[in-house]
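# A closer look at the structure
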Amino acid sequence: MNSIFPFFVGSGRSGTTLFRNVFDAHPELAMTHEAHFVLPMALRRSRYERAGGLDVGAFVADLYSNSNFVRQGLEKYAVLAWLDDVTPQTYADAVRTVFQLYAARQGKTLYGDKTPGYVTHLGVLAEQFPEARFVHIIRDARDVALAYLDREEWGPSTMADAALYWTSRVARGRAAGSALGPARYREVRYEDMVEDPETTTRVLCEFLGLPFRAQMLEFHRYGADFAEATAHPDAFRGLAQPITKGMRDWRTQMSPDDVILVEAITGHLLRDLGYEVTGATASAAVQARVAWSRTAWQAKRAAARIGPVGRRVRKLVRR
């Protein structure tokens, strides 16, 4: 039996949900949609792991305080019953049990997770789950920036911030993946899936130890129901149709000035990944804008890391 635990990760708006739905259509594999609990709870696993065994009460309480997990549709009594039967000793075993229940509810035996943000914490997940395999989905930064600016609900709100966000996520994911090695980490371009869905899916199936099934490419039959069950249905309407080329193309949809700006931030990484770049020279004004955006971006990241408590402490120290 396949014991691999797939994690699909990447920068937001990179097509991770498309890949998730393709693999969720496999008759043996159930993929959660951004359950968002595995990593944050892993970082505080000492709260659950005790010398005498796992504190199931604390584990389940934290599970159901996570609205993203609640949306997976598992009743608390069922989770408690499965955990009681298994009596997990570690946090990782408890997570496996929850995912096993999720898969069983879909009539399947295998499970995986799609949470893009985990791309910056692959090492923690790899340590907790030796059976984990990571699929890093990468999309052209210029199309990602356009996709972010199409949505008002989440994510960066300027071209520069979108480019910086993409660069940070992709670079950190690649660095972590390089440390894990090819047996546990695989990069795949969104554009390859659009260009040749079957070949791309077959290659990833082999990496994950799954037999390819043609019905995986019929994922769109369930796309409308999937979209309606998400927090932002309009963002996923396209999943109700087969994979289609040209739904977003920076060459025709992005202004020349924005292309220059985004490439000034992402161009080195785009080239490393094999993407075409225009090579247009950034003016002094654009270079100044990039420098300012980098400084503001770093300040935002620092503020996010220290949190509201840390910011209050720093204010007191300055007085």
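This structure is a prediction, so every number in the text was calculated from the model and none was measured.

### Some thoughts on the sheet that holds strand E1 (residues 5-9)
- One open sheet holds the five strands; their spatial order is E2-E5-E1-E6-E7, and the pairing between them is parallel. Each having just a single partner strand, strand E2 (29-33) and strand E7 (185-189) make up the two edges of the open sheet. Each strand axis lies, on average, 25 degrees off the axis of its neighbour in the sheet, ignoring direction.
- Along the sheet, helix H9 (residues 159-180) makes contact with strand E6 (132-138) and E7, crossing E6 at roughly 145 degrees.

### Here's the deal with the pattern of salt bridges
- Going through the model one piece at a time under the given rule, you end up with 17 salt bridges.
- Across the pair Asp-93 and Arg-96 runs a salt bridge, and its minimum N-O distance is 2.7 Å. Residue Asp-93 and its partner Arg-96 are both found in helix H6 (residues 91-105); the two are separated by three residues, about one turn of the helix.
- A relative accessible area of 30% places Asp-93 in the partly exposed class.
- Of the charged contacts, one joins Lys-300 and Asp-161 as a salt bridge, the two residues approaching to 2.6 Å between their closest N and O atoms. Within this pair, whereas Lys-300 is found in helix H15 (residues 284-318), its partner Asp-161 is found in helix H9, the two being separated by 139 residues in sequence.
- Exposure remark for Lys-300: the relative accessible area of 46% places this residue in the partly exposed category.
- One network of salt bridges, with partners in common, ties together Arg-44, Arg-47 and Asp-62.

### Observations concerning helix H8 (residues 141-150)
- Counting buried positions over the 10 residues of H8 gives eight, a clear majority of the element.
- All buried positions along H8 are accounted for by Ala-141, Arg-142, Asp-143, Val-144, Ala-145, Leu-146, Ala-147 and Tyr-148.
- Among the structural elements, H9, helix H10 (190-195), helix H13 (250-253) and helix H14 (256-272) are those in contact with the buried residues of H8.

### Thoughts on the layout of surface pockets
- Size it by volume and the second largest pocket reaches roughly 360 Å³.
- Contributing to the lining of the second largest pocket are 20 residues, with Asp-143, Glu-191, Val-194, Arg-248 and Arg-251 lying nearest its centre.
- Ranked by residues supplied to the lining of the second largest pocket, first place goes to H10 with four residues.
- Its residues placed into classes, the lining of the second largest pocket shows five nonpolar, three polar and 12 charged.

### Some details on the pairing of E6
- Of all seven residues in E6, seven are buried, a share of seventy percent or more.
- Residues Ala-132, Phe-134, His-136 and Ile-138 of E6 are buried on one face, and the alternating residues Arg-133, Val-135 and Ile-137, pointing to the opposite face, are buried as well.
- Where E1 meets E6, five bridges bridge the pair, whose relative direction is parallel. Looking across to E6, one finds that Phe-5 is bridged to Ala-132.
- With five bridges joining them, E6 and E7 adopt parallel strand pairing. For Ile-138, the partnering residue across the bridge sits in E7 and is Arg-189.

### Some details on the nonpolar core
- If you look at the biggest cluster of nonpolar residues, it comprises 41 residues, and the most contacted ones within it are Phe-7, Phe-37, Val-38 and Phe-59.
- Mapped onto this core, the elements with two or more residues apiece are E1, helix H2 (38-43), helix H3 (56-63), helix H5 (76-86), H6, helix H7 (122-128) and E6.
- Here this core takes nine residues from H6, the largest share from any one element.
- Those residues within four positions of Phe-59 in sequence are excluded, and the remaining contacts are Met-41, Tyr-48, Leu-54, Leu-83, Tyr-91, Ala-94, Val-95 and Val-98.
- Val-144, Ala-160, Ala-163 and Ile-260 belong to the second-largest nonpolar core, a separate cluster that totals 29 residues.

### Some thoughts on helix H1 (residues 16-24)
- Across the nine residues of H1, nine count as buried, placing the element largely inside the fold.
- All buried positions along H1 are accounted for by Thr-16, Thr-17, Leu-18, Phe-19, Arg-20, Asn-21, Val-22, Phe-23 and Asp-24.

Cut-offs applied
- Residues numbered from 1 in each chain as written.
- Predicted model: local features only at pLDDT ≥ 70, side-chain atom pairs only at ≥ 80, totals over all residues.
- Heavy atoms only, no water.
- Pairing = 2+ DSSP bridges.
- Helix = DSSP H or I, 4+ residues; strand = E, 2+ residues; numbered from the N terminus.
- Axes fitted to C-alpha atoms, helices over the stretch in contact; angles between N-to-C directions.
- Contact = heavy atoms within 4.5 Å.
- Salt bridge = Lys/Arg side-chain N within 4 Å of Asp/Glu carboxyl O.
- Buried < 20%, exposed > 50% of the residue type's maximum accessible area, 1.4 Å probe, protein only.
- 1 Å grid on protein atoms, 1.4 Å probe; cavity = no way out; pocket = protein on both sides within 12 Å on 5 of 7 lines; lining within 4 Å.
- Points joined across faces, edges and corners; volume = space filled by probe spheres on them.
- Nonpolar A, V, L, I, M, F, W, Y, C, P; charged D, E, K, R; others polar.
- Core = buried A, V, L, I, M, F, W, Y, C linked by side-chain atoms within 4.5 Å.

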